[in-house]
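The chain contents come next:
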Amino acid sequence: MYIMSNKYIEKKWQKKWEEGEIFKARPKGKKYYNLDQFAYPSSYGLHMGHARTYVIGDVKARFKRMQGYSVLYPIGFDSFGLPAENAAIKEGIHPKKYTESAIKNFIKQQKSLGLSYDWSRLIKTHEKSYYKWDQWLFLKFLERGLAYKKKASVNWCPACKTVLANEQVIRGYCWRHSETKVTLRELEQWFFKITVYAKELLGDIDKLEWPETIKEMQKNWIGKSEGTLVYFTLEDTKEKIPIFTTRIDTLYGVTFIVYAAEHPKVLEVVKGSPYEHKVKAFIDKVVIRERFERTSEETEKEGILLGKYAIHPLTGERIPIYVANFVLYDYGTGVVMAVPGHDQRDFDFAKKYGLPIKRVILPKSNENEIKSAYTGDGVLINSQIFNGLDNVEAIQKINKYLKEKNLGEKTTHFKIRDWLLSRQRYWGAPIPIVYCESCGIVPVPENELPVELPEDVDFSTGGNPLMTNKNFLYVKCYKCRKTATRETDTMDTFVDSSWYFIRYCNPKSKNFIDKEAHFWLPIDQYYSGREHATGHLIYFRFFTKVLRDLGLLDLDEPALKLFQQGDVNKGGFRMSKSRGNVVDPYDIIAKHSADALRFYLLFVSSPDKALEWNDNGIEGANKLLRKFMNLLKKKRGENNIKILHKMHRTISNVTDDIENFRYNSALIKIASYIEWLNKNNISKESLEMACKLLSPFCPHHAEEAWEKLGN
Ligand code: ANZ
Ligand code: ZN
Ligand code: ZN
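Residues numbered from 1 in each chain as written. Chains lettered and ligands numbered in written order. Predicted model: local features only at pLDDT ≥ 70, side-chain atom pairs only at ≥ 80, totals over all residues. Heavy atoms only, no water.

1. Topic: the overall build of the protein
For step 1, the next point in the chain: Secondary structure assignment for the protein yields 23 helices and 30 strands.
For step 2, the next point in the chain: Overall, the C-alpha framework of the protein stretches about 100 × 75 × 50 Å when taken along its three principal axes.
For step 3, the next point in the chain: Sorting the 711 residues of the protein into buried and exposed places 54% on the buried side.
For step 4, the next point in the chain: Of the contacts made within the protein by residues no fewer than 6 positions apart, 73% connect residues no fewer than 24 positions apart.
For step 5, the next point in the chain: Accessible surface, the protein as shown: approximately 32,100 Å² in total, 50% of it carbon and sulfur.
For step 6, the next point in the chain: Of the charged side chains in the protein, 109 are positive and 89 negative, and the gap between their average positions amounts to 3 Å. (Helix = DSSP H or I, 4+ residues; strand = E, 2+ residues; numbered from the N terminus. Buried < 20%, exposed > 50% of the residue type's maximum accessible area, 1.4 Å probe, protein only. Contact = heavy atoms within 4.5 Å. Areas by Shrake-Rupley, 256 points an atom, 1.4 Å probe, with all protein chains shown as cover. Lys, Arg positive; Asp, Glu negative; His and termini not counted. Charge placed at Lys NZ, Arg CZ, Asp CG, Glu CD.)

2. A short note on the coordination of the zinc ion (ligand 3)
For step 1, the next point in the chain: The protein atoms that coordinate the zinc ion (ligand 3) are Cys 436 (SG), Cys 439 (SG), Cys 477 (SG) and Cys 480 (SG), at distances spanning 2.2 to 2.4 Å.
For step 2, the next point in the chain: Relative to the metal, the 4 donor atoms surrounding the zinc ion (ligand 3) lie at angles of 103 to 112°, and the coordination shape comes out tetrahedral.
For step 3, the next point in the chain: The sequence motif formed by the donor residues of the zinc ion (ligand 3) is C-x2-C-x37-C-x2-C. In this pair, Cys 436 sits in strand β19 (residues 433-436) while Cys 480 sits in the loop between β21 (474-476) and β22 (483-486), placing the two residues 44 residues apart along the sequence.
For step 4, the next point in the chain: Its relative accessible area of 7% is what places Cys 436 among the buried residues. (Donors = N, O, S within 2.8 Å, 3.2 Å for Na, K, Ca; no water. Tetrahedral: all angles 85-135°; square planar, octahedral: opposite > 155°, others 65-115°.)

3. A closer look at the site of ligand 1
For step 1, the next point in the chain: Close contacts around ligand 1 come from 18 residues, with Ser 225, Thr 245, Leu 328, Tyr 331 and His 342 the closest.
For step 2, the next point in the chain: Between ligand 1 and the protein, one listed contact pairs an oxygen atom with a backbone N or O atom of Thr 246 at 3.1 Å.
For step 3, the next point in the chain: Within the contact set of ligand 1, an oxygen atom lies 3.0 Å away from a side-chain nitrogen or oxygen of Lys 415.
For step 4, the next point in the chain: Contributing elements (two or more residues each) for the shell around ligand 1: β11 (240-245) and β15 (335-338).
For step 5, the next point in the chain: Each residue belonging to the shell around ligand 1 can be placed in one class, and the counts come to 8 nonpolar, 6 polar and 4 charged. (Near = heavy atom within 4 Å. Polar contact = N/O pair within 3.5 Å; in protein donor to acceptor, adjacent residues only side chain to side chain. Nonpolar A, V, L, I, M, F, W, Y, C, P; charged D, E, K, R; others polar.)

4. Structural notes on the side chain of His 342
For step 1, the next point in the chain: The residue His 342 is located in the loop between β15 and α10 (344-353) in this model.
For step 2, the next point in the chain: When its relative accessible area of 5% is taken as the criterion, His 342 is described as buried.
For step 3, the next point in the chain: In terms of polar contacts, His 342 uses its side chain to reach the backbone amide nitrogen of Val 360, at 3.0 Å.
For step 4, the next point in the chain: Reaching out from His 342, the side chain makes a polar contact with the backbone oxygen of Tyr 374 at a distance of 2.7 Å.
For step 5, the next point in the chain: Once you skip the residues sitting within four places of it in the chain, His 342 turns out to touch Thr 250, Lys 358, Arg 359, Val 360, Ile 361, Ala 373, Tyr 374 and Thr 375.

5. Comments concerning the packing of aromatic side chains
For step 1, the next point in the chain: Following the criterion strictly, the structure yields 52 aromatic pairs and no others.
For step 2, the next point in the chain: With a centroid separation of 5.6 Å and an interplanar angle of 65°, the aromatic rings of Tyr 197 and Phe 542 are classed as edge-to-face. A residue pair is termed long-range when its members are at least 10 positions apart, and Tyr 197 in the loop between β9 (183-192) and α6 (198-203) and Phe 542 in helix α16 (residues 536-549) qualify at 345 residues. Each member of the pair, Tyr 197 as well as Phe 542, carries the same accessibility label: buried. (Phe/Tyr/Trp six-rings, centres within 6.5 Å; stacked < 30°, edge-to-face > 60°.)

Listed below in structure tokens is the structure:
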């Protein structure tokens, strides 16, 4: 009876599913919002890594439907972004054309896997019906003071005459001009004030059922640091130098002060001094030429004297001031009190430049010579009135003392920075702002949205192509009707993916949010990779909180559960185009079957662990499917205790395994059940149960057998 080809079975059921709108999400009853991360439609198409995560999500969706849930399982395309624009520049294809053909191909591949998406909710971020809402949200953020403009430095290629994204800068050179060094330029750019939410974003992490590694990465990224703001003074001018430290207990061990190279004070204090020239050259080297390497651990610490002194707040000592590459401008106050006795970076620097190293906390072991920084706890020494205190206690005492003398105070710093959303790029959502000579920055009124991205632009000029369309560029000011110019920056594509999960709830609605959104949200199960831990996975949490505060959502968090799939490797390396070790899922499906591929991807390893691709593995999957289909030929009898026992045990175990993403273990039990049926007397019910158990994993074969059994 197993004469129907795999191809035929797959086509047949995929067609039936589509025509019957089987997977259309209907908002009633118990809901389950199952979400695969947005797809980026690259022209390479879908690779095995995608195939694996999609199949993992699809099993869950099918399983939850079988349990009686209304399942929302949508898909869409994050279709703006740099790669499409690069292709346009390099190959002369319009990004829209490039993107749309890539999407078509992607959908074909997704469908061939038999994924049970609700295709009626498909969204594409490059369509104006979508990005209109990016713009609308931008205006809301602006009203709330959560969007603002400030100067920030960007990578600039003098040959391209354009801004480069970080990934277009290769070891300090332009990706298209390997001879041209990238420089820095200060441009006015738009930011979202994510820092306002730093505390809440951090505090709520523990409410999430997410992989610990991702939660840890977010905590570090947000980076809460409790410390002290202490004031040294500049000897010459008596100006205060505010310094952030987490180790105020080491205050008496400070032997020099270090500024970040970008700090404006540096040039100010050396101006007109004999040090000026050298300091300028040093800054130029660090800030521009070594920009990309300097924060790495291995980079040699380097600095230069400013020829100025700071006065220690408690001892009154004169302390030399340096500028060096290892201090970051945008952390703390951009200046460090260096304690080489207890901080290893400071120690390395002091060794290199022959600066004094002083212990102020007694190391636990005896020492004749100081060989490295001592970073442990201990008792304070060389610290005047604080001598003899335990260092943790000393932090409290010194803080109190400084506060009384107005020399410092306790403070908390976060590492997270505001989100720079401006891109000097064409292929993105235009920021809805115009600039008018009389009125200044004028937001585009809501009823004028969307600000449409024009198709007719010139990619050959270098620069931002949007500036080449005069009809786009010049506009009547919305306030005074005089000629104004449009903002030509477009939005970071992470804006698009920060709220897409809301749009799926009502993709065609005239409102941003309607009743259905409240039904489906929050996401019950999300699938995303660790590469998004400190990007997308923070941004969509931030948006959710802002939307809540705007009164649009009543949620604190977008996704309660997050699943992170393991890599797909071949030859021990993660599959990737650049490594040349990709296996195309489409080829495997064409050669074998979607169900065989699905089975294989889920069987060989636990979904959260790496999977080593093996070309022979797929044969095993085929064999099992054949065995399963051959059961249909077997003579069927009545249920008996033995059958019922085996069957119900399997149901119970498999259910539990699927619930907990132990798909491989579920499949082992299903395979053994099929094996058992093969060797024992079987009933119709036990066979039907095999179909049901297998159907989330290999839905085409399961449906076919189910139908053959008369259902
Ligand atoms: C004195 C000191 C002594 C420090 C000691 C550490 C150990 P976290 O915990 O990451 O917040 N720091 C402050 N601002 C900096 C900047 N802009 N660039 C580089 N380093 C900076 O780290 C806080 C510590 O990092 C601060 O405490 C400061 O060094 C350094 F035994 O001050 B510490
Ligand atoms: Zn260039
Ligand atoms: Zn105006």
